[in-house]
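Listed here are the chains, written in short residue letters.
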Amino acid sequence: MERLKNKVVLVTGGSGGIGSEICRLCVSEGAKVIINYNSDSANALKLAKELGSHAIAIQADVTDPNAVHSMVQQALNRFKSIDVLVNNASGPILPKRFQTLEWSDVQKDITVHLGGSFYCIQSVLPSMIQQKKGSIINILSTYALGKPPVMLSSYVSAKSALMGLSKSLASELAAYQIRVNMVSPGITQTDAIAHLSEETLRQKTQEIPLKRIATPKEIAQTIVFLASDESQYLTGSNIVVSGGSIMP
Ligand SMILES: NC(=O)c1ccc[n+]([C@@H]2O[C@H](COP(=O)([O-])OP(=O)(O)OC[C@H]3O[C@@H](n4cnc5c(N)ncnc54)[C@H](OP(=O)(O)O)[C@@H]3O)[C@@H](O)[C@H]2O)c1
(Lines give C-alpha, C1' and ligand atoms only; values in the text may rest on other atoms or scores of the structure.)
Protein backbone atom coordinates (compact mmCIF):
# COMPACT_ATOMS: atom_id res chain seq x y z
CA MET A 1 0.00 0.00 0.00
CA GLU A 2 1.40 3.42 -0.96
CA ARG A 3 0.35 5.66 1.91
CA LEU A 4 1.93 8.79 0.39
CA LYS A 5 0.86 8.33 -3.23
CA ASN A 6 0.62 11.71 -5.04
CA LYS A 7 2.20 13.58 -2.13
CA VAL A 8 5.28 15.78 -2.39
CA VAL A 9 7.45 15.89 0.71
CA LEU A 10 10.16 18.45 1.46
CA VAL A 11 12.67 17.20 4.02
CA THR A 12 15.17 19.72 5.40
CA GLY A 13 18.45 18.09 6.32
CA GLY A 14 17.26 15.29 4.06
CA SER A 15 20.78 13.99 3.52
CA GLY A 16 21.46 13.41 7.23
CA GLY A 17 21.06 10.28 9.35
CA ILE A 18 17.32 10.58 10.11
CA GLY A 19 16.57 12.76 7.06
CA SER A 20 17.86 10.21 4.55
CA GLU A 21 15.68 7.47 6.08
CA ILE A 22 12.66 9.80 5.95
CA CYS A 23 13.36 10.37 2.23
CA ARG A 24 13.78 6.64 1.50
CA LEU A 25 10.64 5.64 3.37
CA CYS A 26 8.53 8.44 1.83
CA VAL A 27 9.58 7.35 -1.67
CA SER A 28 8.83 3.71 -0.84
CA GLU A 29 5.33 4.89 0.17
CA GLY A 30 4.80 6.54 -3.22
CA ALA A 31 5.85 10.15 -2.51
CA LYS A 32 8.01 12.52 -4.48
CA VAL A 33 10.74 13.93 -2.26
CA ILE A 34 12.88 17.05 -2.10
CA ILE A 35 16.13 16.27 -0.31
CA ASN A 36 17.34 19.53 1.18
CA TYR A 37 20.96 19.76 2.29
CA ASN A 38 23.40 22.48 3.24
CA SER A 39 27.05 21.49 2.79
CA ASP A 40 27.31 17.77 2.03
CA SER A 41 26.42 17.69 -1.66
CA ALA A 42 28.08 14.30 -2.25
CA ASN A 43 25.78 12.56 0.23
CA ALA A 44 22.66 14.35 -1.00
CA LEU A 45 23.36 13.68 -4.69
CA LYS A 46 24.12 10.01 -3.94
CA LEU A 47 20.76 9.68 -2.18
CA ALA A 48 18.95 11.46 -5.02
CA LYS A 49 20.54 9.03 -7.49
CA GLU A 50 19.45 6.07 -5.36
CA LEU A 51 15.85 7.34 -5.29
CA GLY A 52 15.74 8.09 -9.04
CA SER A 53 13.05 10.25 -10.63
CA HIS A 54 11.07 10.34 -7.36
CA ALA A 55 13.58 12.69 -5.73
CA ILE A 56 15.61 15.81 -6.27
CA ALA A 57 18.36 17.22 -4.06
CA ILE A 58 18.35 20.98 -3.51
CA GLN A 59 21.02 22.89 -1.63
CA ALA A 60 19.72 25.61 0.67
CA ASP A 61 20.85 26.89 4.03
CA VAL A 62 17.57 26.96 5.96
CA THR A 63 18.79 29.96 7.94
CA ASP A 64 18.83 32.04 4.73
CA PRO A 65 15.29 33.14 3.79
CA ASN A 66 16.24 33.87 0.16
CA ALA A 67 17.79 30.42 -0.26
CA VAL A 68 14.71 28.80 1.29
CA HIS A 69 12.39 30.77 -1.00
CA SER A 70 14.41 29.77 -4.05
CA MET A 71 14.42 26.08 -2.96
CA VAL A 72 10.64 26.09 -2.56
CA GLN A 73 10.17 27.72 -5.99
CA GLN A 74 12.45 25.10 -7.61
CA ALA A 75 10.49 22.35 -5.87
CA LEU A 76 7.15 23.79 -6.99
CA ASN A 77 8.40 24.15 -10.58
CA ARG A 78 9.40 20.50 -10.59
CA PHE A 79 6.58 18.82 -8.63
CA LYS A 80 3.75 21.47 -8.70
CA SER A 81 2.89 21.25 -4.98
CA ILE A 82 4.42 20.68 -1.56
CA ASP A 83 2.05 18.63 0.58
CA VAL A 84 4.33 17.79 3.48
CA LEU A 85 7.17 19.74 5.09
CA VAL A 86 9.51 18.02 7.53
CA ASN A 87 11.65 20.49 9.50
CA ASN A 88 14.50 18.17 10.40
CA ALA A 89 17.73 20.13 9.72
CA SER A 90 20.13 20.48 12.60
CA GLY A 91 23.69 21.68 13.05
CA PRO A 92 26.13 19.72 15.22
CA ILE A 93 25.41 19.42 18.95
CA LEU A 94 28.19 21.14 20.90
CA PRO A 95 27.81 20.59 24.65
CA LYS A 96 28.92 23.59 26.76
CA ARG A 97 28.58 24.50 30.41
CA PHE A 98 26.23 27.47 30.83
CA GLN A 99 29.07 29.56 32.35
CA THR A 100 31.03 29.33 29.10
CA LEU A 101 28.06 29.56 26.76
CA GLU A 102 27.94 32.70 24.61
CA TRP A 103 24.70 34.25 23.44
CA SER A 104 26.00 33.75 19.89
CA ASP A 105 26.01 29.95 20.54
CA VAL A 106 22.35 30.13 21.52
CA GLN A 107 21.54 32.34 18.54
CA LYS A 108 23.16 29.77 16.24
CA ASP A 109 20.90 26.98 17.53
CA ILE A 110 17.79 29.17 17.56
CA THR A 111 18.54 30.32 14.02
CA VAL A 112 18.75 26.76 12.64
CA HIS A 113 15.92 25.10 14.58
CA LEU A 114 13.42 27.94 15.04
CA GLY A 115 14.49 30.31 12.25
CA GLY A 116 15.00 27.54 9.67
CA SER A 117 11.57 26.07 10.43
CA PHE A 118 10.02 29.55 10.40
CA TYR A 119 11.39 30.36 6.92
CA CYS A 120 10.47 26.96 5.48
CA ILE A 121 6.92 27.10 6.86
CA GLN A 122 6.36 30.64 5.57
CA SER A 123 7.66 29.66 2.13
CA VAL A 124 5.49 26.54 1.68
CA LEU A 125 2.41 28.12 3.21
CA PRO A 126 0.96 29.87 0.11
CA SER A 127 0.94 26.56 -1.79
CA MET A 128 -0.60 24.66 1.15
CA ILE A 129 -3.22 27.36 1.76
CA GLN A 130 -4.14 27.31 -1.92
CA GLN A 131 -4.79 23.56 -1.84
CA LYS A 132 -6.43 23.82 1.62
CA LYS A 133 -4.35 20.94 2.90
CA GLY A 134 -0.91 20.27 4.28
CA SER A 135 1.10 18.47 6.90
CA ILE A 136 3.99 20.15 8.68
CA ILE A 137 6.16 18.00 10.93
CA ASN A 138 8.73 19.58 13.21
CA ILE A 139 11.44 17.40 14.71
CA LEU A 140 12.06 18.14 18.37
CA SER A 141 13.97 15.96 20.87
CA THR A 142 13.21 14.15 24.10
CA TYR A 143 15.90 16.45 25.54
CA ALA A 144 13.25 19.20 25.46
CA LEU A 145 10.83 17.01 27.45
CA GLY A 146 11.24 15.72 30.99
CA LYS A 147 14.63 16.31 32.61
CA PRO A 148 17.15 17.77 30.12
CA PRO A 149 20.78 16.61 30.17
CA VAL A 150 23.42 19.07 31.38
CA MET A 151 25.46 21.27 29.02
CA LEU A 152 22.84 21.36 26.26
CA SER A 153 20.85 24.41 27.35
CA SER A 154 21.29 26.07 23.96
CA TYR A 155 19.98 23.07 21.95
CA VAL A 156 17.18 22.41 24.47
CA SER A 157 16.12 26.08 24.37
CA ALA A 158 16.00 26.04 20.57
CA LYS A 159 13.93 22.84 20.45
CA SER A 160 11.61 24.19 23.16
CA ALA A 161 11.07 27.34 21.11
CA LEU A 162 10.22 25.19 18.09
CA MET A 163 7.67 23.36 20.25
CA GLY A 164 6.02 26.71 21.02
CA LEU A 165 5.90 27.66 17.35
CA SER A 166 4.51 24.23 16.42
CA LYS A 167 1.65 24.41 18.91
CA SER A 168 0.80 28.00 17.96
CA LEU A 169 0.70 27.15 14.28
CA ALA A 170 -1.33 24.00 14.92
CA SER A 171 -4.02 26.34 16.26
CA GLU A 172 -3.59 29.06 13.65
CA LEU A 173 -3.27 26.99 10.48
CA ALA A 174 -6.06 24.55 11.28
CA ALA A 175 -8.40 27.02 9.58
CA TYR A 176 -6.75 25.98 6.28
CA GLN A 177 -6.75 22.24 7.12
CA ILE A 178 -2.99 22.45 7.56
CA ARG A 179 -1.84 20.14 10.35
CA VAL A 180 1.25 20.85 12.42
CA ASN A 181 2.69 18.02 14.50
CA MET A 182 5.92 17.24 16.28
CA VAL A 183 8.10 14.16 16.62
CA SER A 184 10.45 13.90 19.58
CA PRO A 185 13.09 11.25 19.00
CA GLY A 186 15.19 9.83 21.79
CA ILE A 187 18.84 9.02 21.11
CA THR A 188 19.10 7.78 17.53
CA GLN A 189 22.00 6.15 15.72
CA THR A 190 23.35 9.00 13.54
CA ASP A 191 26.44 11.24 13.35
CA ALA A 192 24.62 13.71 15.61
CA ILE A 193 25.44 11.60 18.67
CA ALA A 194 29.19 11.77 18.02
CA HIS A 195 29.50 14.06 21.08
CA LEU A 196 28.54 11.16 23.40
CA SER A 197 31.39 9.01 24.73
CA GLU A 198 31.02 5.22 24.50
CA GLU A 199 30.55 5.05 28.27
CA THR A 200 27.83 7.75 28.26
CA LEU A 201 26.05 6.02 25.41
CA ARG A 202 26.19 2.67 27.24
CA GLN A 203 24.77 4.29 30.40
CA LYS A 204 22.02 6.10 28.51
CA THR A 205 21.09 2.90 26.68
CA GLN A 206 20.69 1.10 30.01
CA GLU A 207 18.20 3.78 31.09
CA ILE A 208 15.97 3.11 28.06
CA PRO A 209 13.22 0.57 28.87
CA LEU A 210 13.68 -1.13 25.47
CA LYS A 211 17.47 -1.24 26.16
CA ARG A 212 18.61 0.07 22.78
CA ILE A 213 18.78 3.35 20.95
CA ALA A 214 16.53 4.07 17.95
CA THR A 215 17.41 3.45 14.34
CA PRO A 216 16.76 6.37 11.95
CA LYS A 217 14.15 4.21 10.20
CA GLU A 218 12.15 3.91 13.43
CA ILE A 219 11.91 7.71 13.59
CA ALA A 220 11.06 7.91 9.88
CA GLN A 221 8.15 5.46 10.31
CA THR A 222 6.39 7.91 12.67
CA ILE A 223 7.01 10.76 10.25
CA VAL A 224 5.41 8.81 7.39
CA PHE A 225 2.34 8.29 9.60
CA LEU A 226 2.10 12.04 10.30
CA ALA A 227 2.64 12.81 6.61
CA SER A 228 -0.13 10.44 5.55
CA ASP A 229 -3.90 10.86 5.69
CA GLU A 230 -3.97 8.13 8.36
CA SER A 231 -3.19 10.92 10.83
CA GLN A 232 -5.76 13.35 9.44
CA TYR A 233 -7.29 14.09 12.87
CA LEU A 234 -3.90 14.81 14.48
CA THR A 235 -2.66 18.35 14.87
CA GLY A 236 -0.62 19.86 17.68
CA SER A 237 0.45 16.35 18.69
CA ASN A 238 3.96 15.51 19.79
CA ILE A 239 4.80 11.86 19.22
CA VAL A 240 7.65 10.65 21.39
CA VAL A 241 9.77 7.91 19.81
CA SER A 242 12.15 6.98 22.60
CA GLY A 243 11.91 3.28 23.50
CA GLY A 244 10.01 4.32 26.62
CA SER A 245 12.68 6.65 28.02
CA ILE A 246 10.15 9.48 28.14
CA MET A 247 6.54 8.81 29.08
CA PRO A 248 4.72 12.15 28.96
N1 LIG B 1 20.26 11.65 16.38
C2 LIG B 1 19.65 11.84 17.53
O3 LIG B 1 19.98 11.19 18.55
C4 LIG B 1 18.51 12.82 17.65
C5 LIG B 1 17.73 12.79 18.82
C6 LIG B 1 16.67 13.69 18.96
C7 LIG B 1 16.41 14.59 17.94
N8 LIG B 1 17.19 14.60 16.82
C9 LIG B 1 16.84 15.57 15.79
O10 LIG B 1 16.59 14.89 14.57
C11 LIG B 1 16.94 15.73 13.46
C12 LIG B 1 17.89 14.99 12.53
O13 LIG B 1 19.06 14.66 13.25
P14 LIG B 1 20.18 13.68 12.69
O15 LIG B 1 20.65 12.86 13.82
O16 LIG B 1 19.71 13.00 11.46
O17 LIG B 1 21.32 14.73 12.30
P18 LIG B 1 22.48 14.66 11.21
O19 LIG B 1 22.71 13.25 10.77
O20 LIG B 1 23.61 15.43 11.80
O21 LIG B 1 21.88 15.47 9.95
C22 LIG B 1 21.68 16.84 10.02
C23 LIG B 1 21.20 17.32 8.66
O24 LIG B 1 20.88 18.71 8.77
C25 LIG B 1 21.46 19.38 7.67
N26 LIG B 1 21.71 20.78 8.02
C27 LIG B 1 22.49 21.29 9.02
N28 LIG B 1 22.44 22.63 9.00
C29 LIG B 1 21.64 22.98 7.96
C30 LIG B 1 21.22 24.20 7.41
N31 LIG B 1 21.60 25.38 7.96
N32 LIG B 1 20.41 24.19 6.33
C33 LIG B 1 20.02 23.02 5.76
N34 LIG B 1 20.37 21.82 6.24
C35 LIG B 1 21.17 21.80 7.32
C36 LIG B 1 22.73 18.63 7.35
O37 LIG B 1 23.10 18.90 6.01
P38 LIG B 1 24.64 18.99 5.53
O39 LIG B 1 25.29 17.73 6.03
O40 LIG B 1 24.54 19.08 4.05
O41 LIG B 1 25.21 20.23 6.16
C42 LIG B 1 22.24 17.19 7.56
O43 LIG B 1 21.59 16.75 6.38
C44 LIG B 1 17.53 16.99 14.07
O45 LIG B 1 16.54 18.00 14.15
C46 LIG B 1 17.94 16.56 15.46
O47 LIG B 1 17.98 17.65 16.38
C48 LIG B 1 18.22 13.74 16.64
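Residues numbered from 1 in each chain as written. Predicted model: local features only at pLDDT ≥ 70, side-chain atom pairs only at ≥ 80, totals over all residues. Heavy atoms only, no water.

Quick reminder of the rule: UniProt positions are given in the numbering used here, feature names are shortened, and annotations may be inferred rather than shown by experiment.
In the annotation of an unreviewed UniProt entry, the entry for the chain reads SDR family oxidoreductase, and the organism field reads Candidatus Iainarchaeum sp. Regarding the chain, the relevant UniProt record gives this comment under Sequence similarities (unreviewed entry): "Belongs to the short-chain dehydrogenases/reductases (SDR) family."

### Concerning the overall build of the chain
Heads up, the condition is: Think of it this way: any DSSP run of H or I at least four residues long counts as a helix, any run of E at least two long counts as a strand, and we number them from the N terminus. It is over C-alpha atoms that the radius of gyration is taken, and the globule rule equals 2.2 Å times the number of residues to the power 0.38. For the exposure calls, accessible area comes from a 1.4 Å probe over protein chains only, and a residue counts as buried if that area is under 20% of its type's maximum, exposed if over 50%, partly exposed in between. Two residues qualify as a contact provided that any one of their heavy atoms is within 4.5 Å of a heavy atom in the partner residue. Accessible surface is estimated by sampling points in the Shrake-Rupley manner with a 1.4 Å probe; for residues, cover comes only from the protein chains shown. The charge count treats Lys and Arg as positive and Asp and Glu as negative. His and the chain ends do not count. Taken as the charge location is NZ of Lys, CZ of Arg, CG of Asp or CD of Glu.
Looking only at helices and strands, the chain has seven helices and seven strands in total. Going from N to C terminus, the chain has its helices and strands arranged as β-α-β-α-β-α-β-α-β-α-β-α-α-β. At 17 Å, the chain has a C-alpha radius of gyration in line with the 18 Å of a compact globule built from 248 residues. If one aligns the C-alpha atoms of the chain with their principal axes, the spans along those axes are about 45 × 40 × 40 Å. Counting the 248 residues in the chain, one finds 50% classified as buried. Expressed as a percentage of contacts within the chain between residues at least 6 apart in sequence, the contacts between residues at least 24 apart total 71%. Carbon and sulfur atoms make up 53% of the accessible area of the chain, which totals about 12,200 Å². Looking at the chain, you have 23 positive and 19 negative side-chain charges, and the mean spots of the two groups are 4 Å apart.

### Let's talk about the layout of surface pockets
As a reminder, the rule being used: In the cavity and pocket records, a cavity denotes points on a 1 Å grid over the protein atoms alone where a 1.4 Å probe fits but cannot get out, a pocket denotes an open set with protein on both sides within 12 Å along at least 5 of 7 lines, and lining residues are residues with an atom within 4 Å of a point. Grid points are joined across faces, edges and corners, and a volume is the space filled by probe spheres set on the points. Ten residues, namely Ala, Val, Leu, Ile, Met, Phe, Trp, Tyr, Cys and Pro, are considered nonpolar, four, namely Asp, Glu, Lys and Arg, are considered charged, and the remaining ones, Gly among them, are considered polar.
Looking at the largest pocket, its volume works out to about 1,100 Å³. Forming the walls of the largest pocket are 42 residues, and the residues nearest its centre are Asn-88, Ala-89, Ser-90, Gly-91 and Ala-192. Mapped onto the lining of the largest pocket, the elements with two or more residues apiece are α1 (17-28), β2 (32-37), α4 (103-130) and α5 (153-173). Per element, the largest residue contribution to the lining of the largest pocket is four residues, and it comes from α1. Of the residues that constitute the lining of the largest pocket, the class distribution is 17 nonpolar, 21 polar and four charged. Taken as a whole, the second largest pocket holds about 530 Å³ of empty space. Lining the second largest pocket we find 22 residues, and of these Tyr-143, Pro-149, Ile-187, Lys-204 and Glu-207 sit closest to its centre.

### Looking at empty space enclosed by the protein
By the definition in use, this model includes one cavity of 30 Å³ or more. Considering only enclosed or pocket space, the largest cavity measures out at about 50 Å³ in volume. Lining the largest cavity are Thr-12, Val-62, Asn-87, Asn-88, Ala-89, Val-112, His-113, Gly-116, Ser-117, Ile-139, Lys-159 and Leu-162. Taken together, the elements giving at least two residues each to the lining of the largest cavity come down to α4 and α5. For the lining of the largest cavity, the element with the highest residue contribution is α4, accounting for four residues.

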